[in-house]
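The primary structure of each chain is shown beneath.
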Amino acid sequence: MGYQYMKYGGGKWYVCREYMSGIYNSAKTSILTTSYNFGIAPPCGGGDYATKAGSGLYYGGTWYGRNVPIWSGSHFIEP
């Protein structure tokens with residue numbers, strides 16, 4: 001699992017922060033949750049933000065579902 005923290009600026013979305021190193025579990029589960037606390041200030045200044053994430057399943061030596069992006073929708077964060 002990994003995600004990109006996107007910011008809207010200049011008429012397009014761009015990657016503000018990216019955490020794609022992976023989060024893994026080794027036990028059976030139906031839910032895997034990740035979060036990151038940037039503190040009190042938005043990491044790329046105020047504006048419209050969104051997250052783009054993806055996850056996959058490694059089973060029997062093959063990855064499944066890794067190229068299915070999950071988009072959060074945008075939200076405004078004060079500077």
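Here the residue index of a chain counts from 1 through its sequence in written order. The predicted origin of the model limits local features to residues at a pLDDT of at least 70 and limits the giving and counting of side-chain atom pairs to 80 or more, whereas totals for whole chains, interfaces and linings rest on all residues. Remark: hydrogens and water are excluded; side-chain values derive from all non-hydrogen atoms of the structure.

1. Observations regarding the state of the cysteines
To be explicit about the condition: Only a pair of cysteine sulfur atoms within 2.5 Å counts as a disulfide in this structure description. Each helix is a run of H or I in the DSSP string that is no shorter than four residues. Each strand is a run of E no shorter than two, and both are numbered from the N terminus.
Under the defined criterion, the tally for this structure stands at one disulfide. Across a sulfur-sulfur distance of 1.9 Å, Cys 16 and Cys 44 are joined as a disulfide pair. Looking along the S-S bond of the Cys 16-Cys 44 disulfide, the torsion reads about 95°, which is the right-handed sense. Residue Cys 16 is located in strand S2 (residues 12–19), and its partner Cys 44 is located in the loop between S2 and strand S3 (47–54); the two are separated by 28 residues in the primary sequence.

2. Describing the confidence of the model for the chain
Our working definition: By definition, pLDDT measures how confident the predictor is in each residue, and it falls between 0 and 100.
Taken as a whole, the chain shows an average pLDDT of 81; of its residues, 91% reach a score of 70 or greater. For the chain, strand S4 (residues 57–59) is the element with the lowest average pLDDT, namely 78, and strand S7 (residues 75–77) is the one with the highest, namely 91.

3. Digging into the environment of Gly 47
To keep it simple, the criterion reads: It only takes one pair of heavy atoms within 4.5 Å for two residues to be counted as in contact.
Here Gly 47 is to be found in strand S3. Sequence separation of Gly 47 and Lys 7 is 40 residues, and the distance between their C-alpha atoms is 7.1 Å. Non-local contacts of Gly 47, meaning those with residues more than four positions away in its chain, are made with Lys 7, His 75, Phe 76 and Ile 77.

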